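Below are the chains, spelled out letter by letter.
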Amino acid sequence: DSGVTQTPKHLITATGQRVTLRCSPRSGDLSVYWYQQSLDQGLQFLIQYYNGEERAKGNILERFSAQQFPDLHSELNLSSLELGDSALYFCASSALLAEQETQYFGPGTRLLVL
Amino acid sequence: GNSVTQMEGPVTLSEEAFLTINCTYTATGYPSLFWYVQYPGEGLQLLLKATKADDKGSNKGFEATYRKETTSFHLEKGSVQVSDSAVYFCALRGNAGGTSYGKLTFGQGTILTVHP
């Protein structure tokens, strides 16, 4: 158990809909990362927050957005969903920003768009 | 940009066989290198890491050495077990600075199956 929790574990929805994925980092970790794992793209970095502020951005679509709240949990919002958004979405956390910091991953949220 | 290339899988071995999973990378500067493992139905777990050239990361019998001259970080284990069956990901994290400071760049993953 990494200490990172994600809800829900599974999500089934329809095209055009909007969903929110939630992540609680390990106790004391200030940095949260979101990754998408799909069969065709592999594991890709989406976005990083540090202590409530956006810190780094990857290949995140404009239809997707995220935020980190004062209690350090984070939410990833996916809107106008398409079939291709079906994937496993991971959240990870680390204590600080240093490049040696280990990122601890949650169990993921599996999203299926029908 | 940064990239990681892993050997093609899947890899199928008998118990107690020797394992090598090749990983090479492209990056500017001095990245940190990682191996993560994903067991069926679970998230990614850090297996080992190395943060500078010639460092050797090791854990649970697995080892990998950060070779800057060959830009490689190959994963090895002397004697695999059935319980090692999983997907293994090589990853790198770039230096400080830039807009992609925090991100891990992953290889495509290698599926390992170990038979009794």
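Asker: How should I be thinking about the overall build of chain B in this particular structure?
Answerer: The helix and strand tally for chain B stands at zero helices and 12 strands. Counting from the amino terminus, chain B carries its helices and strands in the arrangement β-β-β-β-β-β-β-β-β-β-β-β. Taken against the 2.2 N^0.38 rule, which gives 13 Å for 116 residues, the C-alpha radius of gyration of chain B at 14 Å falls within 12% of a compact globule. A principal-axis box enclosing the C-alpha atoms of chain B has dimensions of 45 × 30 × 20 Å. A total of 116 residues make up chain B; the buried ones form 44% of that total. Long-range pairs, those at least 24 residues apart, make up 57% of the contacts in chain B between residues at least 6 apart in sequence. Approximately 5,300 Å² of chain B is accessible, and the part contributed by carbon and sulfur atoms is 49%.

Asker: Sorry, what's going on with the packing of aromatic side chains here?
Answerer: Aromatic ring pairs: the centre-centre distance and the angle between the two ring planes describe each pair. Tallying each qualifying case throughout the model produces 12 aromatic pairs over all chains. Between Tyr35 of chain A and Phe106 of chain B, the aromatic rings sit 5.7 Å apart at their centres with planes inclined by 85 degrees, giving edge-to-face as the arrangement. Here Tyr35 of chain A, found in strand E4 (residues 31-38), pairs with Phe106 of chain B, found in strand E11 (residues 104-106), and the two come from separate chains. There is no split in this pair, since Tyr35 of chain A and Phe106 of chain B are both buried.

Asker: Even after reading the chapter, I still don't get the interface of chain A and chain B, so can you show me in this structure?
Answerer: Accessible area lost during the coming together of the parts is what is often quoted as the interface size. Counting residues at the interface gives 21 residues for chain A, matched by 21 residues for chain B. Across the chain A-chain B interface, the total number found is zero salt bridges. Inspection of the region where chain A meets chain B yields five residue pairs in polar contact (both at pLDDT 80 or more). Those elements giving two or more residues to the side of chain A that touches chain B turn out to be E4, strand E5 (42-50), strand E6 (53-57) and strand E9 (87-94) of chain A. Split into classes, the residues belonging to the side of chain A that touches chain B amount to 11 nonpolar, six polar and four charged.

Asker: Explanation requested: the state of the cysteines in the structure shown.
Answerer: Residues and elements named next belong to chain A. Overall, the coordinates contain two disulfides over all chains when judged by the stated rule. Across a sulfur-sulfur distance of 1.8 Å, Cys23 and Cys91 are joined as a disulfide pair. Across the S-S bond of Cys23 and Cys91 the torsion is about -50 degrees, and the bridge reads as left-handed. Of the two residues, Cys23 is situated in strand E3 (residues 19-24) and Cys91 in strand E9; the sequence distance between them amounts to 68 residues.

Asker: Mind showing me how you'd approach the sheet that holds strand E9 (residues 75-77) of chain B here?
Answerer: The strands making up a sheet associate through backbone hydrogen bonding, with each pair oriented either parallel or antiparallel. Residue and element names in this part refer to chain B. The strand order E3-E9-E8-E7 describes an open sheet built from four strands, whose pairing is antiparallel. The open sheet has two free edges, formed respectively by strand E3 (19-21) and strand E7 (56-59), since each of these has just one partner strand. Put simply, the sheet's adjacent strands are angled 15 degrees from each other on average, direction ignored. Bridge count for strand E8 (residues 62-65) against E9 is three bridges, and the pairing is antiparallel. Bridged to Glu63 within E9 is Glu76.

Each value, and the rule that gives it
- Residues numbered from 1 in each chain as written.
- Chains lettered and ligands numbered in written order.
- Predicted model: local features only at pLDDT ≥ 70, side-chain atom pairs only at ≥ 80, totals over all residues.
- Heavy atoms only, no water.
- Helix = DSSP H or I, 4+ residues; strand = E, 2+ residues; numbered from the N terminus.
- Rg over C-alpha atoms; globule rule 2.2 N^0.38 Å.
- Buried < 20%, exposed > 50% of the residue type's maximum accessible area, 1.4 Å probe, protein only.
- Contact = heavy atoms within 4.5 Å.
- Areas by Shrake-Rupley, 256 points an atom, 1.4 Å probe, with all protein chains shown as cover.
- Phe/Tyr/Trp six-rings, centres within 6.5 Å; stacked < 30°, edge-to-face > 60°.
- Salt bridge = Lys/Arg side-chain N within 4 Å of Asp/Glu carboxyl O.
- Polar contact = N/O pair within 3.5 Å; in protein donor to acceptor, adjacent residues only side chain to side chain.
- Nonpolar A, V, L, I, M, F, W, Y, C, P; charged D, E, K, R; others polar.
- Disulfide = S-S within 2.5 Å.
- Pairing = 2+ DSSP bridges.
- Axes fitted to C-alpha atoms, helices over the stretch in contact; angles between N-to-C directions.

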